[in-house]
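Understanding the architecture of this molecule
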Amino acid sequence: MNNTPIITITLKKGREKPVKNKHPWIFSGAIHKRDGDPEQGGLVRIVDFKQNFLATAYYNRISQIRCRILSWDNHEIIDEVFWKSRIQSAIEHRQQLHFSSQTNAYRLINGESDFLPGLIVDQYGDYLVMQCLTTGIDVRKEQISKILAELCHPNGIIERSDAYARKREGLPKTTGILYGKAPPDSFTIIENGVKFGVDLLNGQKTGFYLDQRENRTAVSQPHLVEGKNILNVFSYTGGFGLFAIKNGAKKITNIDSSIEALEQAETNVALNGWERSEDEYLAGDAFEILRYFRDQNEQFDMIILDPPKFAKSQKDIDGACRGYKDLNWLAFRLLEPGGLLATFSCSGLISQDLFQKVLFGAAVDAQRQVQIVQQFNHAPDHPTAITVPESAYLKGFLLRVI
Ligand code: SAH
């Protein structure tokens, strides 16, 4: 792959503004012309209508996001040194966060927000998991994994390029070992003192929902969970429930559609040396199980709702809001007076403000008085570039229901 762009892309008049504001995406509709046919993932020069240099980007002719910008500096060469210094800078940010020795899993590179569009790297102990979300990264994955190996000395780098976003780039799903060894079968991580078994090759996302780390701790403070009967909806491998057990919860009822996730959740309890006969693990559709609980007049002291992404594109927004409203309405109905609801949305297309409005609608319909106690976002190892606000996807509220 060439280090210097040969092809120039001219933007339509007036479409240079977002680029000048350091937004890294150029949509197909903003392009006036190109003076050749760039390779897939190859470098291009972006110029305005008057041919003034704006940026250097990589190109994809299939994606609606035709170009993703790597540099706004006319003199910056996109070579080995460039990739290494960007990766190094992302790693330094994580070092500044000073994770305790009780946490060994975190996001090392967060794509656009670490000025490395399309590249996600998560660290799990001695292993790295890399996600190539775009062609521009996919064609450079050997080079990037070599740099990661040099800088981080992992036992292995696992590729989990099986995210839905790859479809839009015209890329197939790919998983495997990019460097070093495969992780052992019973691989475990530690998060704020709690152990979790993680399947780096087949688990959801890159194996674990690292973005909820701080929220798992915040929601499970002893004064909130001690002696409580807690419903952990969309539990995955136990997440919020395990922290609640650690801090004295009486009973956890976990719901997830994935049987493997629930089995791992139960294994995780034993992994931490806890003996629990009171907890429940229910496999199935959360909406159906919550309706069943409502019909049975079940009541809980605390409910956690951490559903998967409901809105994948603009056209899904209305349906997603109805889904969130239904779910939260059911939760409001299932809470004891004074009960707590920790509710999340990881749909980037639904803003915190819109999510709050949906919760307001659900509270009114459920005829419950509701107070906002706390608000949540993703963990600080998932920074958001201020010029790319849409990459802030996770939002949540701790609500008290009267
Ligand atoms: N709270 C978890 C992460 C949840 S991710 C943690 O802290 O680790 C969302 C989870 O929802 C996934 O485990 C997925 O298997 C589950 N899921 C998706 N659709 C579902 C449905 N309709 N009913 C129940 N669970 C569902």
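You'll find the structure just up there.
Residues numbered from 1 in each chain as written. Predicted model: local features only at pLDDT ≥ 70, side-chain atom pairs only at ≥ 80, totals over all residues. Heavy atoms only, no water.

Some remarks on the sheet that holds strand β2 (residues 25-27)
As a reminder of what qualifies: When DSSP finds two or more bridges between two strands, those strands count as paired. Starting at the N terminus, helices and strands are each numbered in turn, a helix being any DSSP run of H or I of at least four residues and a strand any DSSP run of E of at least two. Fitted lines through C-alpha atoms give the axes, limited to the stretch in contact for helices. The angle between two N-to-C directions lies from 0 to 180 degrees.
One open sheet accounts for six strands, arranged β2-β6-β5-β4-β1-β3; its pairing is mixed. The sheet terminates laterally at β2 and β3 (31-34), the two strands that pair on one side only. Between one strand axis and the next, the sheet turns by 35 degrees as a mean value, whatever way the strands run. One ladder, built from four bridges, connects strand β5 (residues 53-59) with strand β6 (residues 65-71); its direction is antiparallel. Paired with Tyr58 across the two strands is Arg68, which belongs to β6.

Focus: the pattern of salt bridges
The condition that has to hold: Salt bridges, as used here, are contacts in which a Lys or Arg side-chain nitrogen is within 4 Å of a carboxyl oxygen on Asp or Glu. For every residue, the accessible area obtained with a 1.4 Å probe (protein chains only) is divided by the maximum for its type, and the residue is called buried under 20%, exposed over 50%, and partly exposed between those limits.
For the structure shown, the criterion picks out 24 salt bridges. Here Arg213 makes a salt bridge to Glu214, at a shortest N to O gap of 3.2 Å. Glu214 gets classed as partly exposed once you look at its relative accessible area, which sits at 32%. With its nearest N and O atoms 3.2 Å apart, the salt bridge here joins Arg294 to Asp295. What you see here is one network of salt bridges that share partners, running through Asp138, Lys141, Glu159 and Arg166.

Describing the site of the ligand
Under the convention used in this document: If even one non-hydrogen atom of a residue comes within 4 Å of a molecule or strand, that residue is called near it. Here a polar contact is recorded for every N or O atom pair within 3.5 Å, except that within protein the pair must consist of a potential hydrogen donor and a potential acceptor, and residues adjacent in sequence are included only if both atoms are side-chain atoms. The protein chains shown are the only cover counted for residues, whose accessible areas, like all others here, come from Shrake-Rupley with a 1.4 Å probe. The classification used treats Ala, Val, Leu, Ile, Met, Phe, Trp, Tyr, Cys and Pro as nonpolar, Asp, Glu, Lys and Arg as charged, and all other residues, Gly among them, as polar.
Not every one of the 16 residues close to the ligand is listed here, only the nearest: Arg216, Asp256, Asp285, Ala286 and Asp306. Interatomic distance of 2.9 Å between a side-chain N/O atom of Gln204 and an oxygen atom of the ligand. Here a nitrogen atom of the ligand and a backbone polar atom of Ser257 are 3.0 Å apart. Here the ligand has 580 Å² of accessible area as a free molecule, and 90% of this is covered by the chains. In terms of residue class, the shell around the ligand is built from six nonpolar, six polar and four charged.

A word on helix α9 (residues 259-271)
Rules: What a helix should span is 1.5 Å times the count of its residues minus one. Working note: the arc is built from the helix axis to C-beta atom directions.
With 13 residues, α9 should reach 18 Å at 1.5 Å per residue; the first-to-last C-alpha distance of 18 Å fits that figure. Three or more residues of α9 are buried, namely Ala261, Leu262, Ala265, Asn268 and Val269. Mapping the buried residues of α9 onto a view down its axis gives an arc of 110 degrees, with all of them on the same face. Every exposed residue of α9 that faces more than 90 degrees away from the buried side is listed here: Glu260 and Ala270.

Notes on empty space enclosed by the protein
Just so we agree on the cut-off: Cavities and pockets are defined on a 1 Å grid built over the protein atoms alone: a cavity is a set of grid points where a 1.4 Å probe fits but cannot escape, while a pocket is an open set with protein on both sides within 12 Å along at least five of seven lines, and lining residues are those with an atom within 4 Å of any such point. Grid points are joined across faces, edges and corners, and a volume is the space filled by probe spheres set on the points.
Counted according to the given criterion, the structure contains one cavity of 30 Å³ or more. By volume, the largest cavity is sized at about 40 Å³. If you go around the largest cavity, the residues you meet are Gly238, Gly241, Leu242, Ile245, Ile252, Asn254, Ala265, Val269, Asp279 and Tyr281. By residue number, the principal contributor to the lining of the largest cavity is helix α8 (residues 239-246), which donates three residues.

Notes on the sheet that holds strand β7 (residues 105-110)
Keep this limit in mind: In what follows, a contact means two residues having at least one pair of non-hydrogen atoms within 4.5 Å.
Reading across from one edge, β7-β8-β9-β10-β11 is the order of the five strands in this open sheet, with mixed pairing throughout. Only two strands of the sheet have a single partner each, and these edge strands are β7 and β11 (174-180). In this sheet, neighbouring strand axes are inclined to one another by 20 degrees on average, regardless of whether the strands run parallel or antiparallel. One ladder, built from five bridges, connects β7 with strand β8 (residues 119-124); its direction is antiparallel. Bridge assignment links Ile109 to a residue of β8, and that residue is Val121. Helix α4 (residues 141-152) rests against β7, β8, β9 (127-132), β10 (156-161) and β11 of the sheet, and its axis sits at about 155 degrees to β9.

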